[in-house]
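One letter stands for each residue in the lines below.
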Amino acid sequence: MATHLPKRKRDVSPEPEPDFPSNGPDIDLSLLESGAAEPLDLRAAKKLVLSFERRLKENLEARMKHPDRPDRFADSEVSLHEELEKLRTLAGVPELYPDLISLNLFTPLVGLLSHENSDIACDAVSLLSDLTDADEDLDDPAPMVGLADCLIENNVLELLLQNLARLSESDSDEANAVHNTLQVIENLIEIKPSVSDLVCERTKILRWLLGRIKYREFDANKQYASEILAILLQNSPSNQKLLGQINGVDAVLQAVAMYKSKDPKSSDEEELLENLFDCLCCLLMPVENKEKFMKSEGVELMIIIMKQKKSAYGSAIRALDFAMTKYPPACERFVDVLGLKTIFSAFMGKVPIGKKNKESYQEELEERIISLIASLLGGITRGSRRDRLLSKFVENECEKIDRLMELYMRYSDRVKAETERLDTLELDDLEMDEDERYNRKLEAGLYTLQLIAVILGHLWSSEHTDMRARTELLLKQNKLTKQDVKDILQEYHDNIGDLDGPEEKERAQALIQKFISSF
């Protein structure tokens, strides 16, 4: 979740023309779409802007003069619609945006979002969607950033949301306008990531998105709403907390619950479900939202999803991992609602086989389960719950320890291979500092290997005779010693950061040191 969601182009059906009379001049937009038209220069752009301003002025004057006579200003609205269509060509020349800002094109354009005729407002949204759609190959991002700043200064975020509130998706044109509104917001975030926090501060977009994802029926806009929500929550603690404060955890759980006993019917619906779990995992970053997750019976829902063994199985494990990391109350709840049998069944490799059962998916699932078990052992330190947890490693002749050592060897081999590769690179005079070297090893599986060593540390320090005997036997069979495990733990100890504060760092290091000393 640390990276920004990649922006995807969508196959959106062409927007139907608004229901205007057809007595205006015809425009052959196919020439523009095919690239047959000559590229615009500044002189041609100025003509377009002046023509747009003239048609807008005529429309406003006609509406003011005949406010109760739509037939008297209908023609001017047709002309205005046509001018907006012509302005689409400007999207192909972002290098002219600074000049267009100087010509004051965007102030009246943004103002059209509150036009009394919602068709005109929808035209403006569609045009803004085109204008803000940055080309990935654009050499100089400055014109796009300038455009984003100009639009935001003209209150585009607030006006987009105000217009959104009056749209009815039962009308296909207005449903397209909803999609285009979300597209503008995504484009602006792509151009200027700080817009992610800004739009949530200035508008009620989070409430609107929550309401939209709770629709029972699937459609493209529900999918897009889930994606925008996930983008807004990524890397933004303020948005995560804000959504939690408006009952967002419960709302996302309700949306997820629709899939507790059924699978998505299409690849688009699968993407919706993935987006919803991305939202949920982002929400579970702040501690206060973990508490809300528990109160909304999120732990129980995730276990139900796992037991149903539908396509959300792996996502439920991921959500539980986020919920239980450094949060003992969720670990205790997990044990109380009989989650141990379900997670240890997954740990032993008994996972549902399906189209998602690819190597990368299996590997991610494996790593999540290891992380979750490490969280359980770290969060439940005493009492009957601890006894129940440890007993899982003894049952069936310590088969869980056998599995743990199997995973230890696999990840150990990967890390050794990566270490040898890095040594070869350094021999080739490729400079690499210790931090980069360590991060490369983490990516190769060192972090999971460290968690396995931490789990072994928990088991060994419990002083359970059978668990110690089994661990020693397996180490010997694999030509390892306790020192090998201690070396992994020592490296982990030495690299524990202070992201959660100096006290938490000291506590974590003391626990690892206890494990090292016990071996």
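Residue positions within a chain follow its written sequence, with the count starting from 1. Since the coordinates come from a predicted model, pLDDT governs what is reported: local features require at least 70, and pairs of side-chain atoms require 80 or more to be given and counted, while whole-chain, interface and lining totals use all residues. Processing note: side-chain calculations cover all non-hydrogen atoms of the structure and skip hydrogens and water entirely.

**Q** Mind laying out the overall build of the protein, listing which residues take part and the relevant values?
**A** Only DSSP runs of H or I with at least four residues qualify as helices, and only runs of E with at least two residues qualify as strands; both kinds are numbered from the N terminus onward. Counting secondary structure elements, the protein contains 27 helices and 0 strands. Across its three principal directions, the C-alpha atoms of the protein cover 90 × 55 × 40 Å. Using a 1.4 Å probe on the protein chains alone, a residue whose accessible area is under 20% of its type maximum counts as buried, one over 50% counts as exposed, and one in between counts as partly exposed. Residues counted as buried form 49% of the 519 residues belonging to the protein. Contacts: residue pairs with any heavy atoms within 4.5 Å of one another. Here the analysis covers contacts within the protein between residues at least 6 apart in sequence; of these, 76% occur between residues at least 24 apart. Taken as a whole, the protein presents about 25500 Å² of accessible surface, with 48% of it coming from carbon and sulfur. Counting rule for charge: Lys and Arg are taken as positive, Asp and Glu as negative, and neither His nor the chain ends is counted. To locate a charge, the coordinates of NZ of Lys, CZ of Arg, CG of Asp or CD of Glu are taken. For the protein, the centre of its 67 positive side-chain charges and the centre of its 96 negative side-chain charges are spaced 8 Å apart. Accessibility throughout is a Shrake-Rupley quantity obtained with a 1.4 Å probe, and a residue counts as covered only by protein chains that appear here.

**Q** Kindly report on the packing of helix α18 (residues 313-324) against helix α19 (residues 328-336), identifying the contributing residues and their values.
**A** Note on method: axes are straight lines fitted to C-alpha atoms, helices fitted across the in-contact stretch only, with angles between N-to-C directions ranging 0 to 180 degrees. Interaxial distance between α18 and α19 falls to 7 Å at its minimum, and their mutual angle equals 130 degrees. With respect to α19, the axis of α18 lies oblique. Taking contact as the criterion, the partners of L320, A323 and M324 in α18 are, on α19, A330, C331 and F334. Its residues placed into classes, the contact of α18 with α19 shows 6 nonpolar, no polar and no charged. Any angle that is under 35 degrees is reported as roughly parallel, and any over 145 degrees as roughly antiparallel; angles of 65 to 115 degrees are reported as roughly perpendicular and all others as oblique. Basically, the charged four are Asp, Glu, Lys and Arg, the nonpolar ten are Ala, Val, Leu, Ile, Met, Phe, Trp, Tyr, Cys and Pro, and anything else, Gly included, counts as polar.

**Q** Can you break down the pattern of salt bridges residue by residue, with the values?
**A** The working definition used for a salt bridge is a side-chain nitrogen of Lys or Arg within 4 Å of a carboxyl oxygen of Asp or Glu. For the structure on display, the rule yields 32 salt bridges. Here R88 ties to E85 by a salt bridge, and the two come within 3.1 Å at their closest N and O atoms. Look at E85 and you get buried, because its relative accessible area is 9%. With a closest N to O distance of 3.1 Å, R440 and E436 form a salt bridge. Separated by 4 residues within a single helix, R440 and E436 lie in helix α24 (residues 434-461), roughly one turn from each other.

**Q** I'd like a description of the packing of α24 against helix α26 (residues 482-494), backed by residues and values.
**A** Packed helix pairs are characterised by how far apart their axes lie and by the angle those axes make with each other. Look at α24 against α26: their axes get within 9 Å of each other, and the N-to-C directions meet at 120 degrees. Classed by the angle they form, the pair α24 and α26 counts as oblique. Crossing of α24 over α26 shows left-handed handedness. Where α24 approaches α26, its residues Y438, K441, L446, L449, Q450, A453, V454, L456 and W460 are matched on the opposing element by K482, V485, I488, L489, E491 and Y492. With the far helix as reference, a near helix turned anticlockwise by less than a right angle produces a left-handed crossing, and one turned clockwise produces a right-handed crossing.

**Q** An account of the nonpolar core is requested, with residue identities and associated values reported.
**A** Buried residues of nine kinds, namely Ala, Val, Leu, Ile, Met, Phe, Trp, Tyr and Cys, make up a nonpolar core once their side-chain atoms join them within 4.5 Å. In this structure, M302, F334, L376 and Y408 are the most contacted members of the largest nonpolar core, which totals 158 residues. With 11 residues, α24 is the single largest residue contributor to this core. Other than its neighbours up to four places away in sequence, M302 contacts L253, V256, F277, L280, F293, A316, A319 and L320.

**Q** Tell me what's going on with the packing of aromatic side chains, and back it up with residues and numbers.
**A** Any two of the Phe, Tyr and Trp rings considered here, Trp counted by its six-membered ring, make a pair once their centres fall within 6.5 Å; the pair's planes then place it as stacked at under 30 degrees, edge-to-face at over 60, or tilted in between. Applying the stated criterion across every chain, the model contains 4 aromatic pairs. Both rings, one in F344 and one in F393, keep their centres 5.3 Å apart while their planes meet at 90 degrees; by these two values the pair is edge-to-face. With F344 in helix α20 (residues 340-347) and F393 in the loop between α22 (383-391) and α23 (395-427), the pair connects residues that are 49 residues apart, well separated along the chain. In this pair, the class of F344 matches that of F393, namely buried. Between the aromatic rings of W460 and F519, the centroid separation amounts to 5.3 Å while the plane-to-plane angle is 20 degrees, which identifies the pairing as stacked. Taken together, the residues W460 in helix α24 and F519 in the segment after α27 (502-518) connect sequence positions 59 residues apart. Accessibility assignment for this pair places W460 and F519 in one class, buried.

**Q** Outline the side chain of N163, listing residues and values.
**A** Within the secondary structure, N163 sits in helix α8 (residues 156-165). We classify N163 as buried; its relative accessible area is 2%. Excluding anything up to four places from it in sequence, N163 contacts L113, A121 and V125.

**Q** Please provide a residue-by-residue account of helix α2 (residues 42-65), values included.
**A** One fewer than the residue count of a helix, multiplied by 1.5 Å, yields its expected span. In a regular helix each residue adds 1.5 Å, so 24 residues correspond to 34 Å; α2 covers 34 Å between its end C-alpha atoms and thus fits that length. Considered for burial, the residues of α2 that qualify are A45, L48, V49, S51, F52, L56, N59, A62 and R63. For α2, the secondary structure elements touched by its buried residues are α3 (70-86), α4 (97-102) and α5 (106-111).

**Q** Account for the environment of L372, with residues named and values stated.
**A** Within the fold, L372 resides in helix α21 (residues 359-379). The exposure class of L372 is buried, given its relative accessible area of 0%. For L372 and V184, which are 188 residues apart along the polypeptide, the C-alpha to C-alpha distance reads 38 Å. Every residue in contact with L372, bar those within four places of it in the chain, is listed here: I317, L320, D321, M324, F334 and I343.

**Q** Give a description of the environment of R368 that names residues and reports values.
**A** Mapped onto the elements, R368 comes out in helix α21. According to the relative accessible area criterion, R368 is partly exposed, its value standing at 22%. Expressed as a C-alpha distance, the spacing of R368 and L159, which sit 209 residues apart in the sequence, is 42 Å. When residues no more than four places from it in sequence are discounted, the contact partners of R368 are I317, R318, D321 and F322.

**Q** Could you give me a rundown of helix α13 (residues 237-245), with the residues and numbers involved?
**A** Since the α-helix turns once every 3.6 residues, residues separated by three or four places project in the same direction. Along α13, the residues classified as buried are N239, Q240, L243 and G244. Buried residues along α13 cover an arc of 135 degrees about the axis, so they all sit on one side. Buried positions along α13 lie against α10 (195-202), α11 (205-213), α12 (220-233), α14 (248-257), α15 (267-283) and α16 (287-295). Just past α13, the residue N247 takes up positive phi, approximately 65 degrees. Working note: the arc is built from the helix axis to C-beta atom directions.

**Q** Talk me through the confidence of the model for the protein; I want residue IDs and the actual numbers.
**A** In this model, the protein carries a mean pLDDT of 91, and residues with pLDDT of at least 70 account for 91%. Per residue, pLDDT measures the predictor's confidence, with a range of 0 to 100. In the model, residues 1-36 has pLDDT below 50 throughout and makes 71 contacts with residues more than four positions away in sequence or in other chains.

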